[in-house]
Amino acid sequence: MTAATDQRTVLAVRDLKKHFPIKDGALQRVVGQVRAVDGVSFDLLRGETLGLVGESGCGKTTLGRVLAGLEKPTSGGVYFDLSEQQRTELDQALRAGQGEDLAQLEAAHRVDRLDATNWRRFRRNTQMVFQDSFSSLNPRHLVSDIVGRPLRVYKEASGSALTERVVGLLEQVGLGRQHLYRYPHQFSGGQRQRISIARALALDPELVILDEPTSALDVSVQAQILNLLHELQQNRGFTFLFITHDLSVVRHMADRIAVMYLGRIAESGETTGLFDDPIHPYTEALLRANPDLTGDDEGFRGLEGTVPDPARPPQGCRFHTRCEYATPDCGWEIDDVVLQLEDTPALFDKLVGVERRSPFDADLEFVDASAAAALETALHGDEVPSSMKAAIEQVSVGAQTVSIKFREVNEVLLTPRGNDRLAACVLDALPSRD
Amino acid sequence: MTAPATNLQKTDAPVVASVRDLRVHFKSKAGIVHAVDGVDFDVRDGETLGLVGETGCGKSVTARSFLRLVPMPPGIPVSGSIMFHPRQRCTACDGAGCVACDHTGRVVSTCPACSGTGCSTCEQTGAETLDLLTIPERDLRSIRGNRIAMIFQDPGKALNPALSIRKQVAEVFYAHRSDELLASAGIDPSSHSLPTGLLRRRATQQSRTLENVLLSLPPLRSRRSAITAAADDRVAAALAETQIPNPRAVMDRYPHELSGGMKQRVMIALALACDPDLLIADEPTTALDVTVQARIIELIKELQQRHKTAVVYISHDLSLVRRVADRTAVMYAGRIVEVGDSEQIFHEPEHPYTRGLIDAIPGAHHERGRLAAIEGTVPELIDPDPSCRFAGRCDFAAEVCWTRDPALEPVGDRQVACFIHHPPEHGEAPTFDRTAR
Ligand SMILES: Nc1ncnc2c1ncn2[C@@H]1O[C@H](COP(=O)(O)OP(=O)(O)OP(=O)(O)O)[C@@H](O)[C@H]1O
Ligand SMILES: Nc1ncnc2c1ncn2[C@@H]1O[C@H](COP(=O)(O)OP(=O)(O)O)[C@@H](O)[C@H]1O
Ligand code: SF4
Ligand code: SF4
Ligand SMILES: [Mg+2]
Ligand SMILES: [Mg+2]
Ligand SMILES: [Zn+2]
Ligand SMILES: [Zn+2]
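Worth saying up front: this structure is predicted, and the values here are computed from it rather than measured.

Each helix and strand in chain B was counted, giving 15 helices and 14 strands. Looking at chain B residue by residue over its 437 residues, the buried ones come to 54%. Across chain B, the fraction of contacts at a sequence separation of at least 24, relative to all contacts at a separation of at least 6, is 64%.

Before going further, it helps to examine the packing of aromatic side chains. Per the stated rule, a full pass over the model turns up eleven aromatic pairs over all chains. Summarising the aromatic geometry, the rings of A:F80 and A:F122 are spaced 5.2 Å apart at their centres and angled 75° between planes, so their arrangement reads as edge-to-face. Taken together, the residues A:F80 in strand β4 (residues 75–82) and A:F122 in helix α4 (residues 116–125) connect sequence positions 42 residues apart. Assigned by exposure class, A:F80 and A:F122 land together as buried. Considering the side-chain rings of A:W119 and A:F122, the 5.6 Å spacing of their centres and the 35° angle between planes classify their relative orientation as tilted. Within this pair, A:W119 and its partner A:F122 are both found in helix α4, separated by three residues, close to a single helical turn. Classification of A:F122 by relative accessible area gives buried; the value is 0%. Here the aromatic residues A:F80, A:W119 and A:F122 are joined through ring pairs into a cluster of three or more. Taking NZ or CZ as reference, B:R355 lies 3.7 Å from the ring centre of B:F432, over its face.

Okay, the interface of chain A and chain B next. Across the contact, 42 residues belong to chain A and 45 residues belong to chain B. Taken together, the two surfaces of chain A and chain B that pack against each other cover about 3,600 Å², and 54% of this comes from carbon and sulfur. Considering only the side of chain A, the residues that lose the most area to chain B are A:H252, A:L293 and A:F300, jointly responsible for 18% of the buried surface there. For the pair chain A and chain B, the interface holds two salt bridges. With its nearest N and O atoms 2.5 Å apart, the salt bridge here joins B:R295 to A:E304. The interface formed by chain A and chain B holds 16 residue pairs in polar contact (both at pLDDT 80 or more) in total. Sorting the residues of the side of chain A that touches chain B by element identifies α9 (219–236), α10 (247–253) and α12 (281–289) of chain A as the ones contributing at least two each. In terms of residue count, α9(A) provides more of the side of chain A that touches chain B than any other element does, nine residues in total. Considered class by class, the residues forming the side of chain A that touches chain B number 14 nonpolar, 16 polar and twelve charged.

This part takes up the site of ligand 4. Around ligand 4 lies a shell of 13 residues, among which B:C388, B:C394, B:C401, B:C418 and B:F419 are the nearest. Residue composition of the shell around ligand 4, by class: twelve nonpolar, one polar and no charged.

This part covers the packing of helix α6 (residues 143–153) of chain A against helix α8 (residues 189–201) of chain A. All names here are of chain A. With their axes 7 Å apart at the nearest point, α6 and α8 run at an angle of 30° to one another. Relative to α8, the element α6 is oriented roughly parallel. Residue-level inspection shows V143, I146, V147 and P150 of α6 in contact with α8, the latter providing I195, A198 and R199. Its residues assigned to classes, the contact of α6 with α8 shows six nonpolar, no polar and one charged.

Residue and element names in this part refer to chain B. For chain B, per-residue confidence averages 84 on the pLDDT scale, and 89% of positions sit at 70 or higher. Predicted confidence in chain B is weakest over helix α1 (residues 4–12), with a mean pLDDT of 45, and strongest over strand β11 (residues 327–332), with 96. Here residues 1–10 is modelled with pLDDT under 50, and outside its nearest four sequence neighbours on either side it reaches 14 contacts, counting other chains as well. Predicted complex, confidence summary: ipTM 0.84, pTM 0.87.

Our focus in this paragraph is helix α12 (residues 290–307) of chain B. All names here are of chain B. Here α12 contains 18 residues, and its C-alpha end-to-end distance of 25 Å stays within 8% of the 26 Å for a straight helix at 1.5 Å per residue. For α12, the tally of buried residues reaches 13 of 18 residues, placing the bulk of the element in the interior. Backbone geometry just after α12 places K308 at a positive phi near 55°.

Here chain A is described as being made up of domain 1 (9–140 + 183–273) and domain 2 (332–406). One C-alpha centre belongs to domain 1 of chain A, the other to domain 2 of chain A, and the line joining them spans 42 Å.

All right, on to the site of ligand 3 then. By nearness alone, every residue bordering ligand 3 is listed as A:H280, A:P281, A:C317, A:F319, A:H320, A:C323, A:Y325, A:A326, A:C330, A:C425, A:V426 and A:L427. Here the shell around ligand 3 is built from residues that sort into ten nonpolar, two polar and no charged.

All names here are of chain B. The eight strands lie next to each other as β8-β9-β10-β3-β11-β12-β14-β13, forming an open sheet whose pairing is mixed. Pairing within the sheet leaves two strands with one partner each, and these edge strands are β8 (148–151) and β13 (409–411). Taking each pair of neighbouring strands and ignoring which way they run, the sheet shows an average axis angle of 25°. Taken together, the three bridges between β13 and strand β14 (residues 414–416) define a ladder with antiparallel strand orientation. Looking at β14, one finds that E409 is bridged to V416. Against the sheet, helix α15 (residues 352–360) contacts β11 and β12 (335–341), and its axis sits at roughly 100° relative to β11.

In terms of residue burial, α15(B) counts as a mostly covered element, since seven of its nine residues are buried. Residues B:P352, B:Y353, B:T354, B:G356, B:L357, B:I358 and B:A360 constitute the buried set of α15(B). Among the structural elements, α9 of chain A together with α13 (318–324), β11, β12 and α14 (342–347) of chain B are those in contact with the buried residues of α15(B).

Pairing between side chains of opposite charge can happen when their charged atoms approach one another. All names here are of chain B. What the rule picks out here adds up to 50 salt bridges over all chains. Of the charged contacts, one joins E54 and R393 as a salt bridge, the two residues approaching to 3.1 Å between their closest N and O atoms. Taken together, the positions of E54 in the loop between β3 (48–52) and α2 (59–65) and R393 in the loop between α15 and β13 put the pair 339 residues apart, joining distant regions of the chain. In this pair, the class of E54 matches that of R393, namely buried.

Here we come to the pairing of strand β10 (residues 310–315) of chain B. Residue and element names in this part refer to chain B. In terms of burial, β10 is a largely internal element, six of the six residues being buried. Where burial is concerned, the two faces of β10 agree: the one with A310, V312 and I314 and the one with V311, Y313 and S315 are both buried. Bridge count for β3 against β10 is five bridges, and the pairing is parallel. Its bridge partner lying in β10, T48 is registered against V311. Bridge count between strand β9 (residues 278–282) and β10: five bridges; the pairing is parallel. What sits directly across from I280, in β10, is V312. You can see the chain leave β9, run along α12 and come back into β10, and the turn it takes is right-handed.

Rules and cut-offs
- Residues numbered from 1 in each chain as written.
- Chains lettered and ligands numbered in written order.
- Predicted model: local features only at pLDDT ≥ 70, side-chain atom pairs only at ≥ 80, totals over all residues.
- Heavy atoms only, no water.
- Helix = DSSP H or I, 4+ residues; strand = E, 2+ residues; numbered from the N terminus.
- Buried < 20%, exposed > 50% of the residue type's maximum accessible area, 1.4 Å probe, protein only.
- Contact = heavy atoms within 4.5 Å.
- Phe/Tyr/Trp six-rings, centres within 6.5 Å; stacked < 30°, edge-to-face > 60°.
- Lys NZ or Arg CZ within 6 Å of the ring centre and 35° of its normal.
- Buried area = accessible area lost by both parts, 1.4 Å probe.
- Salt bridge = Lys/Arg side-chain N within 4 Å of Asp/Glu carboxyl O.
- Polar contact = N/O pair within 3.5 Å; in protein donor to acceptor, adjacent residues only side chain to side chain.
- Nonpolar A, V, L, I, M, F, W, Y, C, P; charged D, E, K, R; others polar.
- Near = heavy atom within 4 Å.
- Axes fitted to C-alpha atoms, helices over the stretch in contact; angles between N-to-C directions.
- Parallel < 35°, antiparallel > 145°, perpendicular 65-115°, else oblique.
- pLDDT = per-residue confidence, 0-100.
- Expected span 1.5 Å × (residues − 1).
- Domains from an automatic or database assignment.
- Pairing = 2+ DSSP bridges.
- Right-handed = clockwise from strand over helix to strand, strands pointing away.

This is the structure we're talking about:
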């Protein structure tokens, strides 16, 4: 940690979920839920920079927006500004369930339960900087209005005092008085990002959530912005949540890192340790795919497959569909059979229906007996990973159906791994290569 | 990195395309934008040439010039040539690779004007030489997608949303491989009979409605479906090469049903379908996740090794180009400022801009807040005066840098455009020892 003066927790996030309904048809009936954020917990300590990384669509922006109060959580809690003792009390109260203590803590700290005064305090202390400075800066407003708006809304300043405050802010981000009366389109991408940062800093917030602040910029300009952010943090003690998909950037900027996969945290820990010695196979996969300037070609490798549908996250460990180390305990399920079938159109076309008793146990009905027999044979074939085969507890072939039952497993949760590290994997350590 | 041995081979390999003094400007309200302003480089057989530089420095315009895809107007073709030397299959080994073809499976096509003895069209090289900037549009069409193929940043936009993958990939074969399709269907492509003529038009997808009716009648119908089947086989094989799981099923899908990585694989399949001599990839992985990006790059490398295609790989991401390219050309404000072996350039950059770019990438050795940022931004390229385009951001700029253009000249095995390496005849030369600020 760089500038942590005490151990105040700026945000304590507890089992946070944000689901979006999927609507269909003329009646717009809800047919499912996109589980964009699906059970996330962590603490953000004052003065630190927490990096949030993960593939596209894994829920980083959604998480950032919920934390910034721009979106209401579906369930779970975001708690603002706790002392170390309050944090301990909170976790005790949460374990104990509903009670006097919890109600009291929630009224004062839980972001979606705050009274007007505390809500105001939270909102002005939590600011967000977005990736796309084109759409986040109103093209019809002058820079003076854009940067001055938070000050006006919170009645911090007006008239010439306001202008001077804005000039001060612009100077902090490397711009100046000469830029006051220009429109966003008159600036380069890097300059627009500076304007966004100036706006976010206007109310001197505690926490700044930076969502891919440099992803649209060239490296030379990115370096300017990263230096600027660091300098501002040094001078004013900001807490940063730094969202990015660029591992080189996050390693440079973050004290701690949380790796997200499909709405959940797969691994978190102190930056250097996590980079040098990842525990979760997904963290390793991200690191191997990162084209940095020092590694050799040996380790540079991609990851097969795509991120599964967040409306139907896999059982057990969400990464099991792509994990090269997957074990029989990683959550193999009926959906994995259906996935395999989709790659075999001759068989898939003959599948009539799937009668599920649970995600792990179902009857697959085919048009004829030979197709059913063919599936049974295929389940023993090379296409099926051996750990998946080993997870099958029972297969029986009926007239036109195949009943399959997989070993039932619970969700793989984050567990402590020492040194401030948490990982959600059934393995104790990464299997060594070679 | 590629082993040094192959690097040497590639440096000696014959040139597939050479760009000389390419200048493409654009008309704008503020004046003439000198987007590409005197670009020179060669692409050699079987190599990957990386083209890096910041946004707007002219990478895409350079790339698109190869196939004349820059819209004119507003583009203005000011000067230059892109000499392309098409290859043909090596007859000694039938493409398998032998000593005669330096194990590439292909050899230079001979100049049709002089049959290889050397004349003015081929600049005495004896190799077939086409200036891509001036050959007739009809000749260019037969090269596009056939001898030279291109992949773009956004695979979603490059694919037609209304056509199945099968139709889009098959089109390439109909356009460039109609003889092979006819032959596979058991029809002599050189015959001039009416049915063959009709089927040929079918094979090049030029059939009109009436012809389609004729083709659907018994004697021709089976032949027609034989052509379709032959095309399907080729489409499936092309998709399979890009490791798309279950290509026959993917063929019937539409672009919106595929993920970004999948779409880019389809684009690669399309690009490599006709085994081109040159592949131009303009930021092909910029829109993808790193995990998918790494897979696509492995794929391009592997296919390149198999097909011995020369690749121009364009990206703003230096770390990535280091992984991909045998040689790297660094572009700044419409010019090449440094070009040479990738290993050398990334290890010991010579041009101040290249140094700046490499230092700006956050690495493990950087202290936080101490990245070496290049101050300022890319200058406006409207009617620029003669000067080093980098002078405004260069730590070492001397007076001469503001008044004269440094030329791209040899420094060791590389070429660099900077007065530090080539002191001007008059005036004091800049040096790395003296910073301007
Ligand atoms: N308003 C919404 N309605 C429905 N689904 C949504 C909404 N916002 C996000 N999602 C879905 O939630 C998931 C997570 O999206 P999110 O934007 O948080 O991802 P991300 O990690 O920020 O991705 P990227 O790296 O591409 O920015 C995605 O599947 C997305 O499609
Ligand atoms: N169709 C066009 N009309 C006008 N200007 C263009 C056009 N295409 C490119 N340019 C200009 O040419 C310059 C180089 O662009 P480009 O080659 O796309 O850069 P990059 O290196 O990012 O690929 C830019 O200044 C751009 O604005
Ligand atoms: S639990 Fe660990 S080993 Fe199992 S699939 Fe998940 S990441 Fe892989
Ligand atoms: S020293 Fe002069 S010529 Fe060389 S890059 Fe700098 S400004 Fe250009
Ligand atoms: Mg996002
Ligand atoms: Mg471009
Ligand atoms: Zn040969
Ligand atoms: Zn000739």
